[in-house]
Every structure is written in C-alpha cells, then in structure tokens.
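Chains, contacts and geometry: an overview
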Amino acid sequence: MLRKVFGIVMGLMVLHAAPAAGQQILERLVMPGDLTASHADLEATCEKCHLPFQKTSQATLCLQCHEDIAADIEGGLGFHGRQKSASQEECRSCHTDHKGRDANIAVLDTLTFDHAVTDFPLEGRHVGLSCTGCHSDSGFKLEETGCVACHADEEPHNGQFDNTCGDCHSPAGWSEVRFDHAATDFPLTGKHTEAACRACHVGEQYTGVSSECVSCHLVSDIHAGRLGRECADCHAPEGWAEVVFDHGKATDFPLTGRHQNIECTACHRDGLPGSPLEPECASCHRGDDIHAGLNGNQCQQCHTADTWRKSLFDHATDTDFPLREGHASLSCNACHVDNVYEAELDAACVSCHRGDDVHAGSMGEACADCHQESGWSNATFDHDTATDFPLTGRHAMASCQQCHANDTDPAQTPTQCNSCHEADDVHDGLTGDQCQRCHNSEGWLVDVTFDHDLSAFPLIGLHALVPCEQCHLAGTLARVDAGCENCHADENPHGDSFAGGCGQCHTPNDWSFWDFDHDTQTDYPLSGRHADIQCEACHQGPLVRATRGLHTCADCHRADDVHEGAFGASCDRCHTTDTFTGAVPQ
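Presented here is a report on the structure given in the accompanying data block.

Before going further, it helps to examine the overall build of the chain. The helix and strand tally for the chain stands at 22 helices and six strands. When contacts within the chain are restricted to residue pairs at least 6 apart in sequence, long-range pairs at least 24 apart make up 37% of them. Put simply, the chain shows about 43,700 Å² of open surface, and 56% of that area lies on carbon and sulfur atoms.

This is how it looks when you write it as structure tokens:
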C-alpha cells in the first residue's frame, strides 16, 4: 500500500517538474490494454494516436496514418467515403483498440453489409456470390476491381481488349453481350443478328476481319464462285432463300404464279442462273404434260403459271357445249378420256351417262327433258301435269325409284294404292283396294275420313276414343254385332238378369254413369234414405227378376226390428223411410 502511494506521489512530482513528459508517462501508466497486433509498434508512442487530453483529435491522427482511407473520405469513394457515418463519426466508434494482440478491430458483419456503399455495387450474378469468392482472408479492401482481377482465367480474347470486359458483357453473365455492332463498319442485319460472335470471329480474332460474304460463306456458295463475290447482288442477309434478284427486270422471263416460290435450281439445274434457258413451258414441264404433246408446246394458251388445273380455255365460247352446274366442276379428262381434246365428242347425255340411265333407254336419249346438269336427282319432270297421278302428301317426297322400282316404262306403273302398299294393308284386302275412301296421302293414320257416325253404330262417349282394332279385331273392318255384351261381356256384373240390354241403365260415357229410374221403372219408388243407398244394399247378388217380390220392410230390415215381429211386417204403419226412430202410429 505504501508503495502505491509512493508511486503516485513520485508521478505527481515528475509531472510538476516536466508537464509534457510527465503526461506521456502517466498515459502509459493508465493504458487500458495491449494494442492489436497491427498497432503493436505504436505502444511506446501514444502520441501517434492520442493528443493529451483531446479525444476529438484522435480521428485526425488515424487519418494521418491511414492515408488511403483519408483519400476515400475526401473523394467520396470506397466504403469510408460513401458510408455517411464512416465519414462523420470518430474512427474509434467502430475500430476500438487496446483489446489485446489477437483482437480484430475491423469487425465486418458479412450478413448485413451493404455492398452498394462500396466502389463495386453487386449486380447480376455477383449478387449470389459468397464474400470469400472475391475477398481473401487477408482483408476486404481490394486494390483492383476490374473484371480480369477475378476472371483472368475466363478471358477468351487473349488480352485484345485490355480490361474493358464491361464494354461488351454484363454482370448477368458472359453470354449477355451488349456490344453494339452497328458502331462498326459491318452492322448486323437479318440472320447475322442471330449468329454467335465466334461464327465470324474465328479464333477470337476481332480485328482485321473481312466483311465480304465469301469470307464466311464461300463453302455455302452453290455457284462455286462462278457468279463472282458480290453475293448481296442477289441474296439478302435474311437467308440465302431471300433472293433480291429481280428476275422480271433482269431477264425476259418474269416470274409469276408458282414460279415465284420455286428454288432457282429448279430451273437452273446446273447452279448457273446466268446461263440462258428456253422460255417454252415444255422445256421444264415436258414430264408434266398429260397431253403427251398432242396439243403442242404452247401450254400458256390454256394454262396459267398458278397451276395446271386452272385453265384459260373457255368451254362456253370455244365449243358448242357450255359447261354448267355439275359439268363445270369436272376435270377435263372426265369427258376427254386419255386427255385427247382434238377429237369432237357427242353432246348427247347418253354418250357419257349411258351407264347412269336407270331407265335403260326406255325414256329415249333426251335426258334433259326431265333432268338438269346440277344432278340426276334434280328432275324437272312435272308428275302432276304429265300424268294421271298427281303427287301429293308423302308421295311428293318419295324418290322416283320407290314407285318405279323395276319399270322400264314408267307410264305402265299401276296407280292403285295396294300396287305399292299391299304390305302396309292392315285389313288384308278385306276392305278392297280403294284405300282413298278412308285414307289420304299424308299418312295412313293422318285424318282418316271414315265417318262411323253414318254407320249403324255411331261412336259416342268413350267409344269415340278407342282405336278401330279394339272392336274390329285383327284389323278387319267387316260389320260387327253392336250388342254391348259382344265387347263388354267380361265387364257385366249382372249376368243374364237384364236381357233387355245394358243401354237400359248405362250410357257410353262410363259404366258408372247410369240413368235407371227406380221410381218409374219398378213398383217400389225409392224415398227417404232409400234414395241414397247403393243398389247392392238391397239387391244382394245378381239382380234377378224375382227380387220384385221383396216389398216388405222386413225383407231387408228383419234384424233391425226391435219388436221381433210382434207388430207384423208392415213397419210403415208407424215408421217412415227417413228413420226408424220417432215412430208415429198411423
């Protein structure tokens, strides 16, 4: 303890005797720790980094040593010149020393560091790289930021362009070339814009390259140099097939129609467009001449350059047989067999269509009297005026062959209905062959005209709704017995009780609609509650004639007699048909 006090006293004496030297000694005595390894040689000279008792001047001393950082701050370059806080705050706020020899006083957080505040903002493929991909472990400050600093091994141009990679390439990738070839003496047009640089600049030779077509395309010259070196006189940069040679102006044979789209070598087969050719069609198309030369070599008299099929020959004016309707769409050799056109053809229809004549010649050869050139089916024959059988209804829609199936002479076809419809006759001929008396040509079941009301059995009520065959079994329309029991025997609940006929009580509207009058047609008028009861309540079983003897009340009401027969069977002496109660003796 005494030693410490003695040391302090001696220090104060020294400071008093020599203020400057004493201050240095005191500062060394109070030094907070060893300097980092990079500053170790400054431990004995505190004044290199500190002015006595003046912290605000410390940054000035730092920059006097670190001149490159000072220059960056002065010029607004690098991290310290671009990062605002680095140029305004004290150096010690980030780089705190006296932490020991192994301390890192230039701490950098690589995860949050903003590379945009450096002289090399990260763009394109640089963004995804790790820091160590460009910065070695020795530090993050790079002396050289040119492309070749990192990419020297990838530079294929052998140093022809120094360190100016950015003039042509972009950070997005080497293939993203942005060199403007238009700034050279050979602007890229047509297919040249799609070519890779090496396609023309073989061996990465970018200077002294010839711009003549043959310098690159000599091997593609199908003319083998016989037409000179000025390829552009005929061809365009869009492709060899894009020929700019004007055949019409430069030759006596303008290219029209399909000639415009064919390859030069299709005519100039020796590859020499300059060689003269015969302009006649046959010189190229002799093998296409289906006339085998019979019509001469002047093909253009009938055909055009568009197609062989399109002929200029006008059949309407150049012959006596104008082509109309169906004939207009036929090929020439459909009539002129073997393409022989000089021989005159017979204009009669049968000369070509004898095999199509369904009449086998029975109607003569004047086919046009009935048929048109638009087609055989479009016949103009008027059946209504030319025959005794006008076509009406469904007959008007039938084809000729449906009636005239096997007739060589249609005039002999019978007109009776059963001559065609015998198989359709559901009456089996029992009603004769005058079908038209009931039926019409619109259809067998359409508006049948037979009036049953004029027969002995008019159809009324429900009878009007039933089909004919329900009464006329098997389609036979012969007279049928009109008695109800002939059709309704199975529906008769009375058996033989009423021989007088069902019509005495029932109507054709329905069995339940009956009009029997018990008051007038029997000896027992129905009154009171008798008027509302069903027939079966009194007439148990069949309604036989014997039931007429049941006239006493006891016949039906014996079980209801509370007097047990003591007053006889004449209940009506005291009771009425309205009710048994409330008896009034008569």
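This next bit is on the pattern of salt bridges. Inspection of the entire model under this criterion finds eight salt bridges. For the salt bridge of Arg 82 with Asp 119, the shortest nitrogen-to-oxygen distance reads 2.8 Å. Taken as a pair, Arg 82 in helix H5 (residues 78-82) and Asp 119 in the loop between helix H6 (84-88) and helix H7 (147-151) lie far apart in primary sequence, 37 residues in all. Between Arg 229 and Glu 212 there is a salt bridge, and its shortest N-O distance comes to 3.0 Å.

What follows covers the side chain of His 235. Relative to the elements of secondary structure, His 235 occurs in strand S3 (residues 235-236). With relative accessibility at 19%, the residue His 235 sits in the buried group. Within the structure, the side chain of His 235 is placed 2.9 Å from the backbone oxygen of Trp 240, a separation counted as a polar contact.

What follows deals with the pairing of strand S4 (residues 239-243). Examined bridge by bridge, S3 and S4 share two bridges and lie antiparallel to one another. Looking at S4, one finds that His 235 is bridged to Val 243. Connecting S3 to the antiparallel partner S4 that follows it, the hairpin turn spans two residues.

For any two helices packed against each other, one specifies the crossing angle of their axes together with the interaxial distance. Interhelical geometry of helix H3 (residues 58-65) versus helix H4 (residues 67-75) gives an angle of 110 degrees and a closest axis separation of 5 Å. Classified by the interaxial angle, the pair formed by H3 and H4 is roughly perpendicular. Contact residues: H3 offers Leu 63, Gln 64 and Cys 65, while H4 offers Glu 67, Ile 69, Ala 70 and Ile 73. Considered class by class, the residues forming the contact of H3 with H4 number five nonpolar, one polar and one charged.

Here we come to unusual backbone geometry. Phi is positive for His 98, which is not a glycine, with a value near 60 degrees. Its place among the elements puts His 98 in the loop between H6 and H7. Unlike most non-glycine residues, Glu 564 shows phi in positive territory, near 50 degrees. Looking at the secondary structure, you find Glu 564 in the segment after helix H22 (554-557).

Cut-offs and rules
- In this numbering scheme, every chain counts its residues from 1 along its sequence in written order.
- Reporting of local features is limited, given that this is a predicted model, to residues whose pLDDT is at least 70; pairs of side-chain atoms are given and counted only at 80 or more, and all residues count toward the totals for whole chains, interfaces and linings.
- The basis for every side-chain value is the complete set of heavy atoms in the structure, and neither hydrogens nor water enter the calculation.
- Here a helix means four or more residues in a row that DSSP labels H or I, a strand means two or more in a row labelled E, and each is numbered from the N terminus.
- Two residues qualify as a contact provided that any one of their heavy atoms is within 4.5 Å of a heavy atom in the partner residue.
- All accessible areas in this document rest on Shrake-Rupley with a 1.4 Å probe, and a residue is counted as covered only by the protein chains that are shown.
- Throughout this description, the term salt bridge denotes a Lys or Arg side-chain nitrogen within 4 Å of a carboxyl oxygen of Asp or Glu.
- Think of it in three bands: with a 1.4 Å probe and only protein chains considered, a residue is buried below 20% of the maximum accessible area for its type, exposed above 50%, and partly exposed in between.
- Any pair of nitrogen or oxygen atoms within 3.5 Å is treated as a polar contact; in protein, a donor-acceptor pairing is required on top of that, and neighbouring residues in sequence qualify only through side-chain atoms on both sides.
- The criterion for strand pairing is that DSSP finds at least two bridges linking the strands in question.
- Inter-axis angles, ranging from 0 to 180 degrees, are taken between N-to-C directions of lines fitted to C-alpha atoms, where helices are fitted over the stretch in contact.
- With respect to orientation, any angle under 35 degrees is reported as roughly parallel, any angle over 145 as roughly antiparallel, any angle of 65 to 115 as roughly perpendicular, and every other angle as oblique.
- Asp, Glu, Lys and Arg are counted as charged, while Ala, Val, Leu, Ile, Met, Phe, Trp, Tyr, Cys and Pro are counted as nonpolar; the rest, among them Gly, fall into the polar class.

Purely geometric stuff here, so don't read any function into it on its own.
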